[in-house]
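Fold and contact review
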Amino acid sequence: MWDYSEKVREHFFNPRNSGPLADANGTGDVGSIKCGDALRLMLKVNPDSEVIEDAHFQTFGCGSAIASSSALTEIIKGKTLDDALKVSNQDIADYLDGLPPEKMHCSVMGREALQAAVANYRGEVWSDDHEEGDLVCKCFAIDAVMIEETIRGNSLKTMEDVTNYTKAGGGCSACHEKIEDILVAVNGRLYSNEPKAKKAPKESPVKPQLTNYQRIRKIEDTLEALRPMLQRDHGDVTLVEVDGKKIYVALTGACQGCQMESATLGGIQHKLVEALGELVQVLPVGAMAHN
Amino acid sequence: MKPIYMDNNATTACDPAVVEAMLPFFTEQFGNASSIHSFGAQVGKALKTARGQVQSVLGAAHDSEVVFTSCGTESDSTAILSALKAYPERRTIITTVVEHPAILTLCEHLEKDGYVVQRLRVDKKGRIDLDEYKSLLDDRVAIVSAMWANNETGTLFPVEDMAELAHAKGILFHTDAVQAVGKLPIDLKSTKIDMLSLSGHKLHAPKGIGVLYVRRNTRFRPLLRGGHQERGRRAGTENSASIVGLGVACDLAQQHMEAENTTVKRLRDKLERGILAKVKNAFVNGDRLLRLPNTASIAFEYVEGEGILLLLNKLGIAASSGSACTSGSLEPSHVMRAMGIPYTAAHGTIRFSLSRYNTEEEVDRVIAAVPPIIAQLRKLSPYWEGDGPVTNPEQAFAPAYA
Ligand SMILES: Cc1ncc(COP(=O)(O)O)c(C=O)c1O
Ligand code: FES
């Protein structure tokens, strides 16, 4: 039932820094009672150095919400406010050796509580841009609001588009029906991939041949454009070798060896095929040794 | 210490007698009931016995009214889709807001295909309004589907009365009795219920076996077409081992029916009273006067259910929560919402569901375990201060994006 790491369990059973903090000078209350997760973060900040001398929390929420709150207080204690604000929700999840996809919102809540508490200390008004929908894609922890906004913002038409922009649907594919429902809700109908595929062969003969140099530049530019998406998940990609139609890349960080590595490579390949206008194969560096 | 299992509405342990009866059907009794030779004939006989045992626990008039399926969910889908096929000019389904997802998700899906779904609302004790129900019965309705007993609170619907009313208007009536069969005496032949779903794993039979009762002369359209099994109403080679196990489980349920409604009920009542006496800001959900004898749904205010379950689990106690965060959706259960239970209590709802295997000693252990767990979590809660809720909890803690 619970796919929690040992670290999550440990922080849940023995939460650090729980309960009110008498001399707090910055407090952030965030969360949603409707969703059953809400958190009050209390900071004691040294006014001269802006170092967080103490941090406490009170949480109404599930096991991982309590563990994430506990982890957050441990991470930020001793940091300056500016350094603390650099803590991402992924950092909180990493500190706990990962959270199940259904529970990633707990770490998001931790980061937002921190922003709210810092704003409160600085006498600013914090407003959240928080909107979260039902979890649609469990493989990548992508919710309905994110999918819908991405479809609207980029005029996406097909299932494949959604996967390329959000990664949702790029794993086990069990969420495709739900994603197609969102596509229909936004576009009024479902477009299939076929028309595009038919056009492609007609276009390619007229495309001017790229020089080797131009081709590699193009590959690099395409990877560059993909980088922010990978970095959002603590991963990265570098180009290693181009051998004809075979493009070898190294995935690093969270992407490397993760169960989604092949899906990520698939996404990169798709972009490169589009950019180069020819069929290429994207392979992990590991595959080079075997050839 | 021996673990305590109080999550019998989720699933039950197979009774050892059930397992024993099933074993030969994995080995020497492997035949296909449809075969002419003796391998098949013996299995055929065993299926007939089991059909009779199910007939008996349901009080059905004929054993041919029993259709074996693969689970409660399949039975529910078969019943509703059959009615829509059999009465194509009728496009409305009446159901309730508190049904199991086996009904609700199907109905939502059917709405996309243009069917009209009327969902009866419930009051804060989980009861429907029969007048509202009556006002919806007309000749556009293909089927009414209402659960006999609610899986989260145990609250019973007056399905026999509802079936009479539907029958008087010529409308089919189906009940999801997955939680009721084996816990309540049932006599279908004296009712107007046309179809009923049951699921083996809720009454100490294995998972993956169910039954759809279909009253003789009910217009029926199969979900699975193929061979002639189940008289053509559910094609597919019979799951003989599980069917035999279900038969034995139905026999045992009848033998223990009395104990279920006396001994088990007394233990459930003791558990509720024991916990409520020691934990304040807690209350029982559902209709206390009209509910299953085994189910206790208790709301603990200002704490969240998953934390309670994790701490109980650490002490070897298995229960379940009324908040659905554990299943990945963030809203509290649709049943709690439908009853208007405030979020701060709905999220802290725990369901203890007992069976004939639970003992007095186990109940005492749970009564002792719960209060310190609630106290421990309330210490972490922004709504709690010292030994009571903060004054004006809703104002004192009003998080952004609440
Ligand atoms: C009321 C109700 N209906 C249907 C089901 C589904 O039964 P099954 O798991 O056999 O498909 C359940 C159990 O989960 C239930 O409690
Ligand atoms: S759930 Fe979306 S790809 Fe697996």
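Criteria and thresholds
Residues numbered from 1 in each chain as written. Chains lettered and ligands numbered in written order. Predicted model: local features only at pLDDT ≥ 70, side-chain atom pairs only at ≥ 80, totals over all residues. Heavy atoms only, no water. Patch = residues over 30% accessible without salt bridge, like charges linked within 9 Å, V, L, I, M, F, W, Y side chains within 5 Å. Areas by Shrake-Rupley, 256 points an atom, 1.4 Å probe, with all protein chains shown as cover. Salt bridge = Lys/Arg side-chain N within 4 Å of Asp/Glu carboxyl O. Buried < 20%, exposed > 50% of the residue type's maximum accessible area, 1.4 Å probe, protein only. Near = heavy atom within 4 Å. Polar contact = N/O pair within 3.5 Å; in protein donor to acceptor, adjacent residues only side chain to side chain. Helix = DSSP H or I, 4+ residues; strand = E, 2+ residues; numbered from the N terminus. Nonpolar A, V, L, I, M, F, W, Y, C, P; charged D, E, K, R; others polar. Domains from an automatic or database assignment. Contact = heavy atoms within 4.5 Å. Buried area = accessible area lost by both parts, 1.4 Å probe. Pairing = 2+ DSSP bridges. Axes fitted to C-alpha atoms, helices over the stretch in contact; angles between N-to-C directions. pLDDT = per-residue confidence, 0-100. Phe/Tyr/Trp six-rings, centres within 6.5 Å; stacked < 30°, edge-to-face > 60°.

Right, let's talk about a nonpolar patch on the surface for a bit. Side chains of Val240, Val285 and Met288 of chain A sit close together on the surface and give an oily, nonpolar patch of about 190 Å² of accessible area. Under the relative-accessibility criterion, valine 285 of chain A is labelled partly exposed at 32%.

What follows covers the site of ligand 1. All names here are of chain B. Ligand 1 sits among 13 residues. The nearest are Thr73, Asp176, Gln179, Ser199 and Lys202. Between ligand 1 and the protein, one listed contact pairs an oxygen atom with a side-chain N or O atom of threonine 73 at 2.6 Å. When ligand 1 is considered free in solution it has 390 Å² of accessible area, and contact with the protein chains removes 87% of it. At three residues, the largest contribution of residues to the shell around ligand 1 is made by helix α3 (residues 72-86). Here the shell around ligand 1 is built from residues that sort into three nonpolar, seven polar and three charged.

Under the definition given, this model contains 31 salt bridges over all chains. Ionic pairing is found between lysine 44 of chain A and aspartate 23 of chain A, a salt bridge with its closest N-O pair at 3.7 Å. Separated by 21 residues along the polypeptide, lysine 44 of chain A in strand β2 (residues 37-45) and aspartate 23 of chain A in the loop between α1 (6-13) and β1 (26-32) bring together distant segments of the chain. Aspartate 23 of chain A sits in the partly exposed class, given a relative accessible area of 44%. Note that arginine 121 of chain B is salt-bridged to glutamate 132 of chain B, the shortest N-O span being 3.4 Å. On the criterion of sequence distance, the pair formed by arginine 121 of chain B in the loop between β4 (116-120) and α5 (130-136) and glutamate 132 of chain B in helix α5 is long-range, its members being 11 residues apart. You can call arginine 121 of chain B exposed: its relative accessible area is 56%. Overlapping salt bridges bring together Arg266, Lys270, Glu360 and Asp364 of chain B as one network.

What follows concerns the domain arrangement of chain B. Residues and elements named next belong to chain B. The domain boundaries assigned to chain B delineate domain 1 (4-8 + 257-396) and domain 2 (16-253). Just the C-alpha atoms count here: the centres of domain 1 and domain 2 sit 30 Å apart. Counting residues at the interface gives 26 residues for domain 1 and 28 residues for domain 2. Both sides of the domain 1 and domain 2 interface together cover about 2,300 Å² of buried area, and 59% of this is carbon and sulfur. Applying the counting criterion to the domain 1 and domain 2 interface returns zero salt bridges.

Further remarks concern the pairing of strand β7 (residues 246-253) of chain A. Put simply, side chains in a regular strand alternate between the two faces of the sheet. All names here are of chain A. By the bridge criterion, eight bridges tie strand β6 (residues 235-243) to β7 in an arrangement that is antiparallel. From the neighbouring strand, valine 242 faces β7, where its bridge partner is isoleucine 247. By the bridge criterion, four bridges tie β7 to strand β8 (residues 281-284) in an arrangement that is parallel. Along β8, the bridge assignment pairs isoleucine 247 with valine 282.

Here we take up the sheet that holds β2 of chain A. All names here are of chain A. Read from one edge of the open sheet, three strands run β1-β2-β3, paired in antiparallel fashion. Edge strands, defined here as strands with exactly one partner in the open sheet, are β1 and β3 (52-60). On average, adjacent strands in this sheet sit at an angle of 15 degrees to one another, irrespective of strand direction. Alignment of β2 against β3, held across eight bridges, turns out to be antiparallel. The partner of leucine 43 across the bridge, within β3, is alanine 55. Sheet strands in contact with helix α5 (residues 104-121) are β1 and β2, and its direction is about 145 degrees off that of β1.

So, on to the confidence of the model for chain B. All names here are of chain B. Residue-level pLDDT values for chain B average 95, and 97% of them are 70 or greater. Here residues 324-328 is a poorly scored stretch, pLDDT under 50, and it has 16 contacts once near neighbours within four places are set aside; other chains count. The ipTM assigned to the predicted complex is 0.83, against a pTM of 0.83.

Inspection of the secondary structure assignment puts glutamine 58 of chain A in strand β3. Residues within four places of glutamine 58 of chain A in sequence aside, it is in contact with Gly19, Pro20, Ala38, Leu39, Arg40 and Met42 of chain A together with Leu380, Ser381, Pro382 and Trp384 of chain B.

Attention shifts here to the packing of aromatic side chains. Residue and element names in this part refer to chain B. One pass over the full model with this rule turns up six aromatic pairs over all chains. For the ring pair tyrosine 302 and tyrosine 383, a centre distance of 5.6 Å and an interplane angle of 35 degrees mean the geometry is tilted. Within this pair, whereas tyrosine 302 is found in the loop between β10 (295-300) and α8 (305-314), its partner tyrosine 383 is found in the loop between α11 (360-380) and β14 (384-385), the two being separated by 81 residues in sequence. A centroid spacing of 6.1 Å and a plane angle of 45 degrees characterise the contact between tyrosine 302 and tryptophan 384, whose relative ring orientation is tilted. Placement of the pair is tyrosine 302 in the loop between β10 and α8 and tryptophan 384 in strand β14, with a sequence separation of 82 residues. Owing to a relative accessible area of 9%, tryptophan 384 belongs among the buried residues under this scheme.

With 89% of its residues at a pLDDT of 70 or more, chain A shows a mean pLDDT of 84. Counted against residues more than four places away or in other chains, residues 195-206 of chain A, with its pLDDT under 50, gives three contacts.

One frequently used descriptor of interface size is the decrease in accessible area upon assembly of the parts. Taken together, the contact pairs 41 residues of chain A with 35 residues of chain B. Across the interface of chain A and chain B, roughly 3,100 Å² is buried in total on both sides, 64% from carbon and sulfur atoms. Viewed at the interface, chain B and chain A are joined by two salt bridges. Residue aspartate 181 of chain A pairs with lysine 112 of chain B through a salt bridge whose shortest N-O separation is 2.9 Å.

This part takes up the pairing of strand β8 (residues 210-214) of chain B. Residues and elements named next belong to chain B. Among the five residues in β8, five count as buried, and that is most of the element. The alternating pattern of β8 places Gly210, Leu212 and Val214 and Val211 and Tyr213 on opposite faces, both of which are buried. In the sheet, strand β2 (residues 66-69) pairs with β8 via four bridges, with the strands oriented antiparallel. Within the sheet, the bridge partner assigned to threonine 69 lies in β8 and is glycine 210.

All right, on to unusual backbone geometry then. Peptide bonds are mostly trans, and most non-glycine residues show a negative phi. Residue and element names in this part refer to chain A. The backbone phi angle of asparagine 17 is positive, close to 60 degrees, even though this residue is not glycine. Following the sequence through the fold, asparagine 17 ends up in the loop between α1 and β1. Backbone geometry at glutamate 50 places phi at a positive 60 degrees, although glycine is not the residue there. Secondary-structure assignment places glutamate 50 in the loop between β2 and β3. On the accessibility criterion, glutamate 50 (24% relative accessible area) is partly exposed.

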